[in-house]
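So you can see what is in the structure, the chains are spelled out below.
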Amino acid sequence: GQQVMQIPQYQHVQEGEDFTTYCNSSTTLSNIQWYKQRPGGHPVFLIQLVKSGEVKKQKRLTFQFGEAKKNSSLHITATQTTDVGTYFCAGRGTGGGNKLTFGTGTQLKVEL
Amino acid sequence: SAVISQKPSRDICQRGTSLTIQCQVDSQVTMMFWYRQQPGQSLTLIATANQGSEATYESGFVIDKFPISRPNLTFSTLTVSNMSPEDSSIYLCSVAEQGAGQPQHFGDGTRLSIL
């Protein structure tokens, strides 16, 4: 079945440093979504990418969808302590339906 | 977005018993899902709850172990049956509107511990 891997698994940064998490799917995706889960919280939707090569920005966050629609990345510029949490990508296959396959996640810790 | 209430928020149960988790949404939604998340791990889809018909289970999950009900467009239950310590996990419901690419919105989850 479809597998979605993320690297790194963990990342510790100093506040102000940049952060990037990479997401790779074993199969081509119709679209990809990103979620953030704060410690003790539930996943919260951030954004969706649909088109090959698409780039979207939300303030300090930049999301990219690969040309082959099998990979994606999330880049955070100048991290803040409010960025702490686990970031999940979630891919939807090309076979239709609403099922999402969540990536393995990247846990971000930001130190002052 | 929809407001999702999940109950109970946590429970400690004895081995061999069953627990039913409820998910209530403040508006009608097309899609409802149940996930399991081990602490520090990713989310694994258990099943899609279908209104008025049997749930659609993912590989590795069966109806006898995780019976699901969805009597209407605002409510669903997940039962964890004949529990063992391996069932200790966080169980999350999520909702989404019909259509490719609709975001999912999650409840706060049920943290379940089996003794």
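To be clear, the structure that these remarks concern was listed above.
What this report covers is the structure whose coordinates are included nearby. As the structure is a computational prediction, the values presented were derived from the model and not from experiment.

### Considering the sheet that holds strand β7 (residues 61-65) of chain A
Strand pairing in a sheet relies on backbone hydrogen bonds. The paired strands run either parallel or antiparallel.
Residue and element names in this part refer to chain A.
Thinking step 1. If you walk across this open sheet you meet the five strands as β1-β3-β8-β7-β6, and the pairing is antiparallel. Each edge of the sheet is formed by a strand with only one pairing partner; in this case those strands are β1 (4-7) and β6 (55-58). Direction aside, the axes of adjacent strands within the sheet are offset by 15° on average.

### Focus on the packing of aromatic side chains
Thinking step 1. Counted according to the given criterion, the structure contains 10 aromatic pairs over all chains.
Thinking step 2. Relative to A:Y87, the ring of A:F19 has its centre 6.0 Å away and its plane inclined at 45°; by these criteria the two rings are tilted. Taken together, the residues A:F19 in strand β3 (residues 19-25) and A:Y87 in strand β9 (residues 85-93) connect sequence positions 68 residues apart.
Thinking step 3. Of the residues examined, A:F19 reaches a relative accessible area of 1% and is grouped as buried.
Thinking step 4. Since its relative accessible area comes to 1%, A:Y87 is described here as buried.
Thinking step 5. With centroids separated by 5.5 Å and ring planes inclined at 85°, the aromatic side chains of A:F102 and B:Y35 adopt a geometry described as edge-to-face. Within this pair, whereas A:F102 is found in strand β10 (residues 101-102), its partner B:Y35 is found in strand β4 (residues 31-37), the two belonging to separate chains. For the pair A:F102 and B:Y35, one class covers both residues: buried.
Thinking step 6. In textbook terms, an aromatic cluster arises when at least three aromatic residues are bridged by ring pairs, as seen for A:Y35, A:F45, A:F88, A:F102, B:Y35 and B:F106.

### Considerations on the nonpolar core
Thinking step 1. The biggest cluster of nonpolar side chains holds 26 residues, and the ones touching the most others in it are B:W34, B:I46, B:F66, B:I68, B:L78, B:Y91 and B:L112.
Thinking step 2. Within the residue set of this core, elements represented by two or more residues are β3 (19-25), β4, β5 (43-49), β8 (75-80), β9 (89-96) and β11 (110-114) of chain B.
Thinking step 3. Looking at which element gives the most residues to this core, the answer is β3(B), with four residues.
Thinking step 4. The next biggest cluster of nonpolar side chains, apart from the first, holds 19 residues, and it includes A:V13, A:L61, A:I76 and A:Y87.

### Focus: the sheet that holds strand β1 (residues 4-7) of chain B
Residue and element names in this part refer to chain B.
Thinking step 1. One open sheet accounts for four strands, arranged β1-β3-β8-β7; its pairing is antiparallel. Edge positions in the sheet fall to β1 and β7 (68-72), since each has one partner strand and no second. Between one strand axis and the next, the sheet turns through 15° on average, direction left out of account.
Thinking step 2. Bridge analysis of β1 against β3 gives four bridges, and the strand direction is antiparallel. Looking at the pairing, K7 lines up with Q22 of β3.

### Examining the state of the cysteines
Thinking step 1. All chains considered together, the criterion is met by two disulfides over all chains.
Thinking step 2. The disulfide that involves A:C23 links it to A:C89, with 2.0 Å between the sulfurs. Looking along the S-S bond of the A:C23-A:C89 disulfide, the torsion reads about 80°, which is the right-handed sense. Here A:C89 lies in strand β9 and A:C23 lies in strand β3, a separation of 66 residues in the sequence.
Thinking step 3. In this structure A:C89 comes out as buried when scored by relative accessible area, which is 0%.
Thinking step 4. Each sulfur of the disulfide joining B:C23 and B:C93 lies 2.0 Å from the other.

The rules behind these values
- Residues numbered from 1 in each chain as written.
- Chains lettered and ligands numbered in written order.
- Predicted model: local features only at pLDDT ≥ 70, side-chain atom pairs only at ≥ 80, totals over all residues.
- Heavy atoms only, no water.
- Pairing = 2+ DSSP bridges.
- Helix = DSSP H or I, 4+ residues; strand = E, 2+ residues; numbered from the N terminus.
- Axes fitted to C-alpha atoms, helices over the stretch in contact; angles between N-to-C directions.
- Phe/Tyr/Trp six-rings, centres within 6.5 Å; stacked < 30°, edge-to-face > 60°.
- Buried < 20%, exposed > 50% of the residue type's maximum accessible area, 1.4 Å probe, protein only.
- Core = buried A, V, L, I, M, F, W, Y, C linked by side-chain atoms within 4.5 Å.
- Disulfide = S-S within 2.5 Å.

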